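One letter stands for each residue in the lines below.
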2 protein chains.
Amino acid sequence: MPAGTATAISCPNIAFIKYWGNRDNARRIPANGSISMNLAGLYSHTQVAFGLTLEKDRLFLDGEAVTGAALRRASALLDRVRALAGVHERALVRSYNNFPTGTGIASSASGFAALTLAASRAAGLDLAEAELSRLARTASGSACRSIPGGFVEWRAGYDHASSYAFSIAPPEHWELTDCIAVISQSHKPTTSQEGHLLADTSPLQAARVSSAESRLRICRNAILARDFEALAQVTELDSNLMHAVMLTGSPGLMYWLPATILVMRSVQGWRRGGLPACFTVDAGPNVHVICPTSEAQHVIDRLNQLDGVIQVLSAAPGEQARLVTNNLD
Amino acid sequence: MPAGTATAISCPNIAFIKYWGNRDNARRIPANGSISMNLAGLYSHTQVAFGLTLEKDRLFLDGEAVTGAALRRASALLDRVRALAGVHERALVRSYNNFPTGTGIASSASGFAALTLAASRAAGLDLAEAELSRLARTASGSACRSIPGGFVEWRAGYDHASSYAFSIAPPEHWELTDCIAVISQSHKPTTSQEGHLLADTSPLQAARVSSAESRLRICRNAILARDFEALAQVTELDSNLMHAVMLTGSPGLMYWLPATILVMRSVQGWRRGGLPACFTVDAGPNVHVICPTSEAQHVIDRLNQLDGVIQVLSAAPGEQARLVTNNLD
């Protein structure tokens, strides 16, 4: 079957319960389950075109040709799609992010989720959401959470079939906003991919993992009940647990900058003062400040006054990955 | 036997392997052993005078009368000394620190070590070092490490008799300097005493404790072999492990300020650049930067250039607690 062309978009996501470390590095079966919210308005837009005349896969990211490890990672995902579809052509992939790479928002989740959906459709497949999530996971763990919409749980599972993400509530379930305090625009010294491999060098990782089930339950229930204070407490605890593991591995990873601490402390002070807001920090210095949408402008104004905050982006709960017709040509 | 008067001085200490959390809170039997260095040049100077005319114990700290919880803590220690000595008089205690309270250097270790020695001698006792260390421990855990000299290990033990500190190397064994970057002069929101009680609320404390024996061995061997790089790695790891537990308890304790992170990151950068220096942070924002004394001026100069560093104190390895004759009168 000659394959065709398809285009998909997908949002990044912010985890309330974090993914850090794998039970199986090769297949990205995570050490623990995680829960996240897709980020509306931010997206990767990815077109895949299989073609008989291409000698190898080609990848353009924001208009720039990509080679090396990043291209191999995309090709490995395309290989899985080709194997499923019985397609042999190479692909031309063009992906754009509508958020600047320099903002420190990871594009691997949204980029690989969009690539998974676009490539599978271009190859003639019509995969169920769970299968798309599994496929995306093999390229980037957190990408599996950008396939379903709204508030999403990634059940850790124990093998390829059992490890995928699903929606626990749609975007409109809870009017939350992620106010992203951008603190540094420089590249991180250690990528998440490398960091995951170090998780087990921390004497604390096993304790973090074995206590994750309880936090997943608290977080899931907080989302379902729209209980902000419960979400705030478990989200900050889980973020600190991940950074605790990062800080105590060999080598230790310190992702926090001085302004990261200033924002974290400020948010906790605001909450003690009655403003519902909580922080979570990924593998980088930026602070995601989660709050009810009714408080978002207030939170953004306060964040903009803090030393070291370069800009503040904001995002509501986002939709699932989806096909679009407006190709880039 | 009518009791008399005695005066003692004792140094604070900085732990390379930290004490955080107790196996037995009432007796301050710690969850894990710890290793520290006394800090020469900084000291508490404490005079104890038992007197028939006193109706109750009186305590003056830096010339100010102290009442409430702090006085009760000192009286409880004096009660133990009186019970050992068969003395019934109340005591007048006058204690001075030669380091400002506002510098954030804890005075409880040096203060209670000096009080233990002065009170026991004033009561007519001539206790062995181990017994002084045990007594000091009952008032303030880390005070037991300020009784012996130089580089000190506190063996956790399992009861009052087995839990005390001893010197593993004299002050002159290794020319190290602790360059103390003072970052805040405000009082800490949660005292160490309160913090110890929260240690077990962190899901990470058990893992920190169960892996402590290995770090104690590495640290002890690094000191005995004067292996700075080994000391640096285990000291920073252990400091981060303690703060990991603090950050992930209920409630979480964030002792770091933005400048704390700046100093920690800077020190790691200097070390990567070839300057032997490492950080350790107690239950407060100040950063203790340990380095070979040959590099101390260099480290102090660099620390003074960092934003948020108010002043830099420095201390070589200090002597044991000792009696002095120059009374305050």
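Residues numbered from 1 in each chain as written. Chains lettered and ligands numbered in written order. Predicted model: local features only at pLDDT ≥ 70, side-chain atom pairs only at ≥ 80, totals over all residues. Heavy atoms only, no water.

A few points about the overall build of chain A
Thought 1: A tally of helices and strands in chain A yields 9 helices and 16 strands.
Thought 2: Compactness check: chain A gives a C-alpha radius of gyration of 19 Å against a globular reference of 20 Å for 329 residues, within 12% of the reference.
Thought 3: Reported as C-alpha extents along the three principal axes, the dimensions of chain A are approximately 60 × 40 × 35 Å.
Thought 4: The buried share of chain A, taken over its 329 residues, is 58%.
Thought 5: Counting only contacts in chain A whose residues sit at least 6 apart along the sequence, the fraction spanning at least 24 positions is 76%.
Thought 6: Total accessible area computed for chain A in this model is approximately 12600 Å², and 51% of it derives from carbon and sulfur atoms.
Thought 7: Counting 28 positive and 28 negative side-chain charges, chain A places the averaged centre of each group 5 Å from the other. (Helix = DSSP H or I, 4+ residues; strand = E, 2+ residues; numbered from the N terminus. Rg over C-alpha atoms; globule rule 2.2 N^0.38 Å. Buried < 20%, exposed > 50% of the residue type's maximum accessible area, 1.4 Å probe, protein only. Contact = heavy atoms within 4.5 Å. Areas by Shrake-Rupley, 256 points an atom, 1.4 Å probe, with all protein chains shown as cover. Lys, Arg positive; Asp, Glu negative; His and termini not counted. Charge placed at Lys NZ, Arg CZ, Asp CG, Glu CD.)

Points about the relation of the copies chain B and chain A
Thought 1: The two copies are related by a screw operation: chain B maps onto chain A through 180° of rotation and 0.0 Å of translation along the axis, at an RMSD of 0.0 Å. Here the two chains are linked by the operation of a two-fold rotation axis. Taking C-alpha positions as the reference, the residue of chain B nearest the rotation axis is Pro258 of chain B, at 2.0 Å. (Least-squares fit on C-alpha atoms with pLDDT ≥ 70 in both.)

Comments concerning the nonpolar core
Side chains of a nonpolar character, in soluble globular proteins, are inclined to be buried together.
Thought 1: Membership of the largest hydrophobic core comes to 52 residues, with the highest contact counts inside it found for Trp256 and Leu303 of chain A together with Trp256, Val263 and Leu303 of chain B.
Thought 2: Those elements that place two or more of their residues in this core are strand 12 (176-182), helix 8 (258-272), strand 14 (287-292) and helix 9 (296-304) of chain A together with strand 12 (176-182), helix 8 (258-272), strand 14 (287-292) and helix 9 (296-304) of chain B.
Thought 3: Not counting chain neighbours up to four residues away, the residues in contact with Val263 of chain B comprise Ala181, Ile183, Val287, Val289, Leu303, Leu306 and Val309 of chain B.
Thought 4: Counting residues in each nonpolar core, the second largest holds 31 residues, with Ala6, Val87, Ala123 and Ile147 of chain A among its members. (Core = buried A, V, L, I, M, F, W, Y, C linked by side-chain atoms within 4.5 Å.)

Concerning the sheet that holds strand 12 of chain A
Strand pairing within a sheet occurs via backbone hydrogen bonds; the two strands may be parallel or antiparallel.
Residues and elements named next belong to chain A.
Thought 1: With respect to topology, 4 strands assemble into an open sheet ordered 13-14-12-15, the strand pairing being antiparallel. Among the strands making up the open sheet, the edge pair consists of strand 13 (278-280) and strand 15 (311-315). With direction set aside, neighbouring strand axes in the sheet form an average angle of 30°.
Thought 2: Taken together, the 5 bridges between strand 12 and strand 15 define a ladder with antiparallel strand orientation. Among the inter-strand pairings, Asp178 is bridged to a residue of strand 15, identified as Ala315.
Thought 3: The strands touched by helix 7 (residues 228-247) are strand 12, strand 13 and strand 14; relative to strand 13, the strand with the most contacts, the crossing angle is about 30°. (Pairing = 2+ DSSP bridges. Axes fitted to C-alpha atoms, helices over the stretch in contact; angles between N-to-C directions.)

With respect to the interface of chain B and chain A
Thought 1: The interface is formed by 20 residues belonging to chain B together with 20 residues belonging to chain A.
Thought 2: Between chain B and chain A, a total of about 2000 Å² is buried, with carbon and sulfur atoms accounting for 77% of that surface.
Thought 3: The tally of links from chain B across to chain A stands at 0 salt bridges.
Thought 4: Listing elements by their share of the side of chain B that touches chain A, those giving two or more residues are helix 5 (205-210), helix 7 (228-247) and helix 8 of chain B.
Thought 5: The class makeup of the residues in the side of chain B that touches chain A is 15 nonpolar, 3 polar and 2 charged. (Buried area = accessible area lost by both parts, 1.4 Å probe. Salt bridge = Lys/Arg side-chain N within 4 Å of Asp/Glu carboxyl O. Nonpolar A, V, L, I, M, F, W, Y, C, P; charged D, E, K, R; others polar.)

Examining helix 8 of chain B
Count 3.6 residues to each turn of an α-helix, and residues three or four apart come out pointing the same way.
Thought 1: A rise of 1.5 Å per residue sets the reference length of helix 8 of chain B, with its 15 residues, at 21 Å; its end C-alpha atoms lie 21 Å apart and thus fit the reference within 8%.
Thought 2: Listed as buried for helix 8 of chain B are Ala259, Thr260, Ile261, Val263, Met264, Ser266, Val267, Trp270 and Arg271 of chain B.
Thought 3: The inward-facing, buried residues of helix 8 of chain B contact helix 8 of chain A together with strand 12, helix 7, strand 13 (278-280), strand 14 and helix 9 of chain B.
Thought 4: Where helix 8 of chain B ends, the next residue or the one after it, Gly274 of chain B, has phi of about 105°, a positive value. (Expected span 1.5 Å × (residues − 1).)

Quick notes on the sheet that holds strand 15 (residues 311-315) of chain B
Residue and element names in this part refer to chain B.
Thought 1: The strand order 13-14-12-15 describes an open sheet built from 4 strands, whose pairing is antiparallel. Each of the sheet's edge strands pairs with one partner strand only, and the pair in question is strand 13 and strand 15. On average, adjacent strands in this sheet sit at an angle of 30° to one another, irrespective of strand direction.
Thought 2: Docked against the sheet, helix 7 engages strand 12, strand 13 and strand 14, running at close to 30° with respect to strand 13.

Digging into the confidence of the model for chain A
Thought 1: With 96% of its residues at a pLDDT of 70 or more, chain A shows a mean pLDDT of 95.
Thought 2: Here the predicted complex scores 0.95 on pTM and 0.93 on ipTM. (pLDDT = per-residue confidence, 0-100.)

Notes on unusual backbone geometry
Residues and elements named next belong to chain A.
Thought 1: Omega for the bond connecting Ser250 with Pro251 falls within 30 degrees of zero, at 0°, which places this linkage in the cis form.
Thought 2: Summarising the element assignment, Pro251 is placed in the loop between helix 7 and helix 8.
Thought 3: Phi is positive for Arg226, close to 50°, though the residue is something other than glycine.
Thought 4: By the secondary structure assignment, Arg226 is in the loop between helix 6 (212-225) and helix 7.

Some details on the packing of helix 2 (residues 108-122) of chain B against helix 3 (residues 129-139) of chain B
Residues and elements named next belong to chain B.
Thought 1: Helix 3 packs onto helix 2 with a crossing angle of 125° between their chain directions and a minimal axis gap of 9 Å. One finds that helix 2 runs oblique with respect to helix 3. Of the two possible hands of crossing, helix 2 and helix 3 adopt the one that is right-handed. Residues Phe112, Ala113, Thr116, Leu117 and Ser120 of helix 2 lie in contact with helix 3, whose contacting residues are Leu132, Leu135, Ala136 and Ala139.
Thought 2: Partitioning the contact of helix 2 with helix 3 into residue classes produces 7 nonpolar, 2 polar and no charged. (Parallel < 35°, antiparallel > 145°, perpendicular 65-115°, else oblique. Left-handed = near helix turned anticlockwise from the far one by under 90°.)

Brief notes about helix 6 (residues 212-225) of chain B
Thought 1: When the terminal C-alpha atoms of helix 6 of chain B are compared, their 20 Å separation across 14 residues agrees well with the 20 Å that a helix rising 1.5 Å per residue should span.
Thought 2: On its buried side, helix 6 of chain B packs onto strand 2 (13-17), strand 5 (34-38), strand 10 (151-155), strand 11 (164-169), helix 5 and helix 7 of chain B.

Observations concerning the packing of aromatic side chains
Thought 1: Tallied over the entire structure, the rule returns 7 aromatic pairs over all chains.
Thought 2: Relative to Phe166 of chain B, the ring of Tyr164 of chain B lies with its centre 6.4 Å away and its plane at 65°, an arrangement referred to as edge-to-face.
Thought 3: The ring centre of Tyr164 of chain A lies 4.7 Å from the NZ or CZ of Arg134 of chain A, which sits over that ring. (Phe/Tyr/Trp six-rings, centres within 6.5 Å; stacked < 30°, edge-to-face > 60°. Lys NZ or Arg CZ within 6 Å of the ring centre and 35° of its normal.)

Some remarks on the domain arrangement of chain A
Residue and element names in this part refer to chain A.
Thought 1: When its domains are assigned, chain A resolves into domain 1 (5-171) and domain 2 (173-315).
Thought 2: Here the C-alpha centre of domain 2 lies 23 Å away from the C-alpha centre of domain 1.
Thought 3: Counting from both sides, the interface comprises 32 residues of domain 1 and, opposite them, 46 residues of domain 2.
Thought 4: With both chains or domains summed, domain 1 and domain 2 bury close to 3100 Å², and 67% of this area falls on carbon and sulfur atoms.
Thought 5: Inspection of the domain 1/domain 2 interface yields 2 salt bridges.
Thought 6: Residues Arg220 and Glu153 are paired through a salt bridge, measuring 2.7 Å at the closest nitrogen-oxygen approach.
Thought 7: For the pair domain 1 and domain 2, the interface holds 11 residue pairs in polar contact (both at pLDDT 80 or more).
Thought 8: Contributing elements (two or more residues each) for the side of domain 1 that touches domain 2: strand 2 (13-17), strand 5 (34-38), strand 10 (151-155) and strand 11 (164-169).
Thought 9: Sort the elements by how many residues they give to the side of domain 1 that touches domain 2 and strand 2 lands first, with 4 residues.
Thought 10: Residues that form the side of domain 1 that touches domain 2 fall into these classes: 18 nonpolar, 10 polar and 4 charged. (Domains from an automatic or database assignment. Polar contact = N/O pair within 3.5 Å; in protein donor to acceptor, adjacent residues only side chain to side chain.)

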